[in-house]
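The lines below spell out each chain.
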Amino acid sequence: MTVVVISDVHTHSPGGFTLIELMVALAVLSILLMVAAPAFRDLIMDNKLLSESYAMRATLNNARSEALAQRMPVTVCGSTDGDTCRSSDQEDWSDGYIAFTDRDQDAVPDDPNTINGDMIFIAREVDADLEIDFVKEGPGADVIVRFDSRGHARSNYGYFRFCDERGASKMKALGVSIVGVVGAKKTASLDCP
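Below is a short write-up of the structure. (Residues numbered from 1 in each chain as written. Predicted model: local features only at pLDDT ≥ 70, side-chain atom pairs only at ≥ 80, totals over all residues. Heavy atoms only, no water.)

Looking now at the sheet that holds strand S6 (residues 158–163). Sheet strands pair by backbone hydrogen bonding; their relative direction is either parallel or antiparallel. The strand order across the open sheet built from four strands is S4-S6-S7-S8, with neighbouring strands paired in antiparallel fashion. In this open sheet, the two strands that pair with only one neighbour each are strand S4 (131–136) and strand S8 (182–184). For this sheet the average axis-to-axis angle between neighbouring strands, irrespective of direction, equals 20 degrees. (Pairing = 2+ DSSP bridges. Helix = DSSP H or I, 4+ residues; strand = E, 2+ residues; numbered from the N terminus. Axes fitted to C-alpha atoms, helices over the stretch in contact; angles between N-to-C directions.)

Here is the structure:
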């Protein structure tokens, strides 16, 4: 009797993807990225607008609290350098803003080392992709927010518009009332500059 032994030969392919599998995976990935990227960009831009409006709200509430605590006027104004107010007739606050005690109510932060000096307690730069405008509704020409020693905004009330390249459809707005209350404002009737 003759025994024939047939060897058991197994061929193993190397691990990994074939070229066709790799091309299909890349095609699916590129389609997903084309669909998801615009939505992700909108999400990031929405968050920038929201966080900047929250930062402004916190600044204004902090300024009002400081006016009440110090029993003196506090001014919030647009600033390009974090040390001085912009020209008081400019609505554009897109570069940044400051909040400071304003003993003489002249909208100029005076040297804090003098007897009637002012203290800047908030200085904020704004994201370059955003536009912030303050539309003053009270009397007078100064485009600033000033809280008096009782926390009222008397003649310096109005609203802020927060816009980006998408325009009024995504705009956020924040209002400051005559009694100094800060809150969200409806944007239906507003437009971006």
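Text resumes after the structure shown.
This paragraph deals with the pairing of strand S1 (residues 74–78). Counting buried residues along S1, five of its five residues qualify, which places the element largely inside the surrounding structure. Judged from the five bridges that link them, S1 and strand S2 (residues 96–101) form a sheet pairing that is antiparallel. Within S2, the residue paired with Thr75 across the bridge is Phe100. (Buried < 20%, exposed > 50% of the residue type's maximum accessible area, 1.4 Å probe, protein only.)

All right, on to the state of the cysteines then. The tally for this structure, following the rule as stated, stands at two disulfides. Between the sulfur atoms of Cys163 and its disulfide mate Cys192 the distance is 2.0 Å. Disulfide Cys163-Cys192: the torsion about the S-S bond is -95 degrees, which places it as left-handed. In this pair, Cys163 sits in strand S6 while Cys192 sits in the segment after S8, placing the two residues 29 residues apart along the sequence. Of the two residues, Cys163 and Cys192, neither departs from the other in class, the shared state being buried. Taken N- to C-terminal, the disulfide-bonded cysteines of the protein are connected 1-2, 3-4. (Disulfide = S-S within 2.5 Å.)

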